[in-house]
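Listed here are the chains, written in short residue letters.
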Amino acid sequence: METKDLKKIAVIGMGTMGPGISQVLAHAGFAVSGYDLNQDSYPLARQVIANNLDLLIEAGQAQPEDLEKTLDKITFVDSMEEAVKGAQIVVEVVSEKRPIKKAVYEQIDQLADPEAIIWSNTSTLNIFELMVPARLPRTIIVHWFAPPQVLPLIEVVQGDQTLPEVVEFTMGFLELLKKKPVLIKNYVPGFIINRLLRILGRETYFLLDNGYVTPEDLDMAVKASIAPRMMVLGLAQRYDFTGLDLTYANLHNEDFVDAPFDTEPEFVVSRVKKNHLGIKTGIGVYDYEGRDKAEVIKDRDRYLLKVVNSLQFCLDKKRLL
Ligand SMILES: NC(=O)c1ccc[n+]([C@@H]2O[C@H](COP(=O)([O-])OP(=O)(O)OC[C@H]3O[C@@H](n4cnc5c(N)ncnc54)[C@H](O)[C@@H]3O)[C@@H](O)[C@H]2O)c1
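Being a predicted model, the structure only gives us computed values, none of them experimental.

The rules behind the values
- Residues numbered from 1 in each chain as written.
- Predicted model: local features only at pLDDT ≥ 70, side-chain atom pairs only at ≥ 80, totals over all residues.
- Heavy atoms only, no water.
- Pairing = 2+ DSSP bridges.
- Helix = DSSP H or I, 4+ residues; strand = E, 2+ residues; numbered from the N terminus.
- Axes fitted to C-alpha atoms, helices over the stretch in contact; angles between N-to-C directions.
- Contact = heavy atoms within 4.5 Å.
- 1 Å grid on protein atoms, 1.4 Å probe; cavity = no way out; pocket = protein on both sides within 12 Å on 5 of 7 lines; lining within 4 Å.
- Points joined across faces, edges and corners; volume = space filled by probe spheres on them.
- Nonpolar A, V, L, I, M, F, W, Y, C, P; charged D, E, K, R; others polar.
- Salt bridge = Lys/Arg side-chain N within 4 Å of Asp/Glu carboxyl O.
- Buried < 20%, exposed > 50% of the residue type's maximum accessible area, 1.4 Å probe, protein only.
- Patch = residues over 30% accessible without salt bridge, like charges linked within 9 Å, V, L, I, M, F, W, Y side chains within 5 Å.
- Areas by Shrake-Rupley, 256 points an atom, 1.4 Å probe, with all protein chains shown as cover.
- Near = heavy atom within 4 Å.
- Polar contact = N/O pair within 3.5 Å; in protein donor to acceptor, adjacent residues only side chain to side chain.

> I would appreciate a short explanation of the sheet that holds strand β6 (residues 139–144) in the present structure.
Where strands meet in a sheet, backbone hydrogen bonds hold them as pairs that are either parallel or antiparallel. Read across the sheet, 8 strands follow the order β3-β2-β1-β4-β5-β6-β7-β8 without closing on themselves; strand pairing throughout is mixed. Each end of this open sheet is capped by a strand with a single partner; those strands are β3 (74–76) and β8 (180–184). Each strand of the sheet is rotated relative to its neighbour by a mean of 25 degrees, with strand direction disregarded. Strand direction decides the pairing type here: strand β4 (residues 89–92) and strand β5 (residues 117–120), joined by 4 bridges, are parallel. Directly across from Ile89, in β5, lies its bridge partner Ile117. Sitting on the sheet, helix α5 (residues 98–111) is in contact with β1 (9–12), β4 and β5, with an inclination near 165 degrees to β4.

Put into structure tokens, the structure is as follows:
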């Protein structure tokens, strides 16, 4: 398939991620058919897309007329059948629960064109085990990052049976959407970034629970050091500057004992017990002092856009160094 053959894209699931993904596709000019089992989610999804576009316009990344044009490209429909009928790509963005994904795949299998490509936004699940076998050659994980209309990375994970042409089309299409697709050649739980975050979380809880540092200072330490350095060197190239000899010696440094894997860290558990869940309850690690959730998210996205835009030169395919 070529992108000129794309007439319609179905997005199944209009919760946290579905609206932003639909927005990116529609903003690029593609007709999107959005469906959610809970159709009460549609007004909010539409509002979220409109707010996101307002921010892009404010940042100079969209024209004022793009607001209506993009919204006009997205139709919220009443049934799965209506959503997937005639769609060349079906984007699955439903809840991260095996039985839900499996049931949705069975429905897609019954209703979608046999040639349709199926993208799953799963964060960790091996959806290749849940997919109807006949659909496996045209199934691929396409994992967007929140907020999907701002962050460039998309982890693309091919299954054992995914056809090379499906991989090639997916990578090319995501590049056309101005995203940064990275291919993972075999399923591994958590792909790249959630695996790294898992290890970072383990050390974060260890440092905080043992009182070595405050959350404010830990955040400052990261922002003032490894965050910008990673933008220039990523993770692998960094070792060329540390020196691989030193890197090897560090692996054998007996003073460096890894933090235990703690599934009940005080840092998390104490807050959950108090219902301090983060911006959804107005307080978590930090206190958002009665501010509206949508307003805090909008500010986060405003800052993220500013950072991502100023660091575009780091995202060139050509190596910086
Ligand atoms: N939230 C994130 O930051 C994030 C980031 C990357 C990937 N993901 C992945 O994206 C997927 C969706 O996550 P989310 O955070 O948007 O979840 P969510 O819970 O916010 O939304 C999921 C939506 O799926 C709908 N749904 C459930 N069963 C359905 C069905 N049978 N048919 C149609 N719709 C149905 C729900 O009504 C809900 O609106 C998950 O696989 C998740 O792992 C989430």
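> Just checking my understanding: could you explain empty space enclosed by the protein for this structure?
Taking a probe equal in size to a water molecule and rolling it over the atoms shows the remaining empty space. Taken as a whole, this structure holds 1 cavity of 30 Å³ or more when the rule is applied. Estimates place the volume of the largest cavity at around 30 Å³. As for the largest cavity, its lining consists of Asn52, Leu55, Leu56, Gln149, Val150, Asp301 and Leu305. Broken down by element, the lining of the largest cavity gets its largest block of residues, 3 residues, from helix α2 (residues 41–58). Across the lining of the largest cavity, the residue classes break down as 4 nonpolar, 2 polar and 1 charged.

> Teacher, can you tell me more about the pattern of salt bridges here?
Should their charged atoms come close, side chains of opposite charge can pair. Counted under the stated rule, the structure contains 14 salt bridges. Residue Arg302 pairs with Asp299 through a salt bridge whose shortest N-O separation is 2.7 Å. Of this pair, Arg302 and Asp299 both sit in helix α13 (residues 293–310), 3 residues apart, roughly one helical turn. Given the relative accessible area of 30%, Arg302 is considered partly exposed. For Asp299, a relative accessible area of 23% corresponds to the partly exposed category. Through salt bridges with shared partners, a single network forms among Glu58, Arg291, Glu295, Asp299 and Arg302.

> What am I meant to see in a nonpolar patch on the surface here?
A cluster of nonpolar side chains, contributed by Val182, Ile192, Leu196, Val222, Ile226, Met230 and Leu235, occupies part of the molecular surface with about 470 Å² of accessible area. Mapped onto the secondary structure, Val182 falls in strand β8.

> For this particular structure, what's the right way to read the layout of surface pockets?
Here the second largest pocket is characterised by a volume of approximately 730 Å³. Lining of the second largest pocket is provided by 25 residues; of these, Gly15, Thr16, Val48, Lys293 and Ile297 occupy positions nearest its centre. When contributions to the lining of the second largest pocket are tallied by element, the ones reaching two or more residues are α1 (18–27), α2 and α13. The biggest single contributor to the lining of the second largest pocket is α2, with 8 residues. Within the lining of the second largest pocket, the residues separate by chemical class into 13 nonpolar, 8 polar and 4 charged.

> Got a minute to help me understand the site of the ligand in this structure?
Taken together, 22 residues lie near the ligand, and Thr16, Asp36, Glu96, Lys101 and Ser123 sit nearest. Within the side chain of Ser123, one N or O atom sits 2.7 Å away from an oxygen atom of the ligand. Computed on the free molecule, the ligand has an accessible area of 840 Å², of which 76% lies beneath the protein chains in the complex. Mapped onto the shell around the ligand, the elements with two or more residues apiece are α5 and β6. The element best represented in the shell around the ligand is α5, accounting for 3 residues. Of the residues contributing to the shell around the ligand, the split by class is 11 nonpolar, 8 polar and 3 charged.

Interpretation note: all reported values are geometric properties and have no functional meaning in isolation.
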